Structures are given as structure tokens and as C-alpha cells.
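Below are the chains, spelled out letter by letter.
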2 protein chains.
Amino acid sequence: MKAKVHVTLKNGVLDPQGKAIAHALGNLGFTGVNEVRQGKYIELDLAETDRAKAHEAVKQMCEKLLANTVIENYAIELVE
Amino acid sequence: MKAKVHVTLKNGVLDPQGKAIAHALGNLGFTGVNEVRQGKYIELDLAETDRAKAHEAVKQMCEKLLANTVIENYAIELVE
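Residues numbered from 1 in each chain as written. Chains lettered and ligands numbered in written order. Predicted model: local features only at pLDDT ≥ 70, side-chain atom pairs only at ≥ 80, totals over all residues. Heavy atoms only, no water.

Student: Can you tell me about the environment of glutamate 48 of chain B, naming the residues and giving the values?
Tutor: Residue and element names in this part refer to chain B. Within the secondary structure, glutamate 48 is located in the loop between strand S2 (33-46) and helix H2 (51-66). The partly exposed category is assigned to glutamate 48, whose relative accessible area is 32%. A distance of 3.2 Å separates the side chain of glutamate 48 from the backbone nitrogen of aspartate 50, its partner in a polar contact. (Helix = DSSP H or I, 4+ residues; strand = E, 2+ residues; numbered from the N terminus. Buried < 20%, exposed > 50% of the residue type's maximum accessible area, 1.4 Å probe, protein only. Polar contact = N/O pair within 3.5 Å; in protein donor to acceptor, adjacent residues only side chain to side chain.)

Student: Tell me about the packing of helix H1 (residues 16-27) of chain A against H2 of chain B, and name the residues and values.
Tutor: In the contact formed by H1 of chain A and H2 of chain B, the axes pass within 11 Å of each other and the chain directions differ by 105 degrees. Of the possible angle classes, the one that applies to H1 of chain A and H2 of chain B is roughly perpendicular. Of the residues in H2 of chain B, those touching H1 of chain A at Ile21, Ala24 and Leu25 of chain A are Met61, Leu65 and Leu66 of chain B. Grouping the amino acids of the contact of H1 of chain A with H2 of chain B by side-chain chemistry returns six nonpolar, no polar and no charged. (Axes fitted to C-alpha atoms, helices over the stretch in contact; angles between N-to-C directions. Parallel < 35°, antiparallel > 145°, perpendicular 65-115°, else oblique. Contact = heavy atoms within 4.5 Å. Nonpolar A, V, L, I, M, F, W, Y, C, P; charged D, E, K, R; others polar.)

Student: Before we move on, could you go through the relation of the copies chain A and chain B and cite the residues and values that matter?
Tutor: What relates the two chain copies is a rotation about an axis together with a slide along it. It takes a turn of 180 degrees to lay chain A on chain B, together with a shift of 0.0 Å along the axis; the resulting RMSD is 0.0 Å. Such a combination of rotation and displacement between the chain copies is what one expects of a two-fold axis. Judged by C-alpha distance, lysine 40 of chain A is the residue of chain A that lies nearest the rotation axis, at 2.4 Å. Same-surface contact between copies: 100% of interface residues of chain A are shared with the interface of chain B. (Least-squares fit on C-alpha atoms with pLDDT ≥ 70 in both.)

Student: Please give an account of the confidence of the model for chain A that cites residues and values.
Tutor: Taken as a whole, chain A shows an average pLDDT of 96; of its residues, 100% reach a score of 70 or greater. Taken together, the chains of this predicted complex give a pTM of 0.92 and an interface ipTM of 0.91. (pLDDT = per-residue confidence, 0-100.)

Student: Describe helix H2 (residues 51-66) of chain A, naming the residues involved and giving the relevant values.
Tutor: Between its first and last C-alpha atoms H2 of chain A spans 20 Å; for 16 residues at 1.5 Å apiece the expected length is 22 Å, and the helix comes up short by more than 12%. Where H2 of chain A is concerned, the buried positions are Ala54, Val58, Met61, Cys62 and Leu66 of chain A. Buried residues in H2 of chain A, looked at end-on, bunch into an arc of 100 degrees, giving them a common side. Opposite the packed face of H2 of chain A, turned more than 90 degrees from it, sit the exposed residues Ala52, Lys53 and Lys64 of chain A. As for H2 of chain A, its buried residues are in contact with strand S1 (2-9), strand S2 (33-46) and strand S3 (72-79) of chain A together with helix H1 (16-27) and S2 of chain B. A side-chain oxygen of the first residue of H2 of chain A lies 3.2 Å from the backbone nitrogen of alanine 52 of chain A; this N-cap is aspartate 50 of chain A. (Expected span 1.5 Å × (residues − 1). Arc of directions from axis to C-beta.)

Student: If you had to explain the pattern of salt bridges to someone new, which residues and values would you point to?
Tutor: Residue and element names in this part refer to chain B. Counted under the stated rule, the structure contains three salt bridges over all chains. The shortest N-O distance in the salt bridge between glutamate 72 and lysine 40 comes to 3.9 Å. Remark: lysine 40 occurs in strand S2 and glutamate 72 occurs in strand S3 (residues 72-79); sequence separation between them is 32 residues. Residue classification places glutamate 72 among the buried positions, given a relative accessible area of 13%. (Salt bridge = Lys/Arg side-chain N within 4 Å of Asp/Glu carboxyl O.)

Student: Tell me about the sheet that holds strand S1 (residues 2-9) of chain B, residues and numbers included.
Tutor: Pairing within the open sheet is antiparallel, and its six strands lie in the order S3(A)-S1(A)-S2(A)-S2(B)-S1(B)-S3(B). Each edge of the open sheet carries a strand with a single partner, namely S3 of chain A together with S3 of chain B. Strand-to-strand twist of the sheet, defined as the mean angle between neighbouring strand axes without regard to direction, takes the value 20 degrees. Examined bridge by bridge, S2 of chain A and S2 of chain B share 13 bridges and lie antiparallel to one another. (Pairing = 2+ DSSP bridges.)

Student: Outline the interface of chain A and chain B, listing residues and values.
Tutor: Facing the 29 residues of chain A at the interface are 29 residues of chain B. Here chain A and chain B share an interface that buries about 2,500 Å² over both sides, 69% of which is from carbon and sulfur atoms. Remark: the boundary between chain A and chain B carries zero salt bridges. Listing elements by their share of the side of chain A that touches chain B, those giving two or more residues are S1, H1, S2 and H2 of chain A. Residue contributions to the side of chain A that touches chain B peak at 14 residues, all from S2 of chain A. Looking at side-chain class alone, the side of chain A that touches chain B contains 16 nonpolar, seven polar and six charged residues. (Buried area = accessible area lost by both parts, 1.4 Å probe.)

Below, the structure written as C-alpha cells:
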């Protein structure tokens, strides 16, 4: 089973990486970009085949390693 | 209009960041993780309201700045 995890900064947390991208896009001539936020996208290939168990395992991985839950949110999506 | 962009390494391209995550998960006691790949997730808030124009603009942004198309793929998703 595959898991797709999105880790994004919480609203209100300053995102210097996103700001840098927005600035660079402006320099390249792209107008009309109001805001850019950058997050992480992690794909995991799991041996687990049970959906509930896989979700619980990935949740634990997010809490313990993948996301800094003080400033980041995470979203888990499971794919067969 | 909002655009969600996923930038991922092409198959076959070595992903040291993913390898490091897989290794760290193993050290934390998570078993059954076959492979981890890490990519980038970028959210753009665009002033453009026309779907086709917005897609074309984001495609150009990916080609010119957001993705290194030699080693990375990108996927664009538009949200109202």
C-alpha cells in the first residue's frame, strides 16, 4: 500500500521559502501571483496491506518524524 | 484561483532525502517501509480567474523556476 503525505506550514506561520519563490516569479515577469506557500510531499511504500493499520502507522510517522506539529499540519492519503 | 503543484523526482533519480527518512523511520522502530520518496508541494494563489490561462501560466512557472525538468516531474492541479 502507498501513502501520500502532505506536510504544510500552519496558517500564520511565516514561510520564507514561499516568499522567495513569489519574489523570484516576480523577477521572471510572472504577474498576478498573490501568495506562494511551500510544503513537503512524501510518498511511502508500505508493506502493510490493512488500510486502518497503515493509516495509524503513517499517522505515528508524521507525529514522530515527518511533521513538526508545532508549526506544521499533515494530511495522509492512502492508495492501494 | 489556487494552484497546487507537486514536484517529484523522476523514477531512477537517486533520492538521498527519501533514503534518510526511510533510515530514520527504521531507527524509530517503524518496520515495513519499503521505500520513501520526497518531493515538493507548492501552493500558489493566483489573480487569474480563467482556468486555461492559469494552467498555462503555472506550467511556465514550473518549466522556468519550480521544477528542474532534467530530473523532476511536475503535476498541476487547479482549485477554484
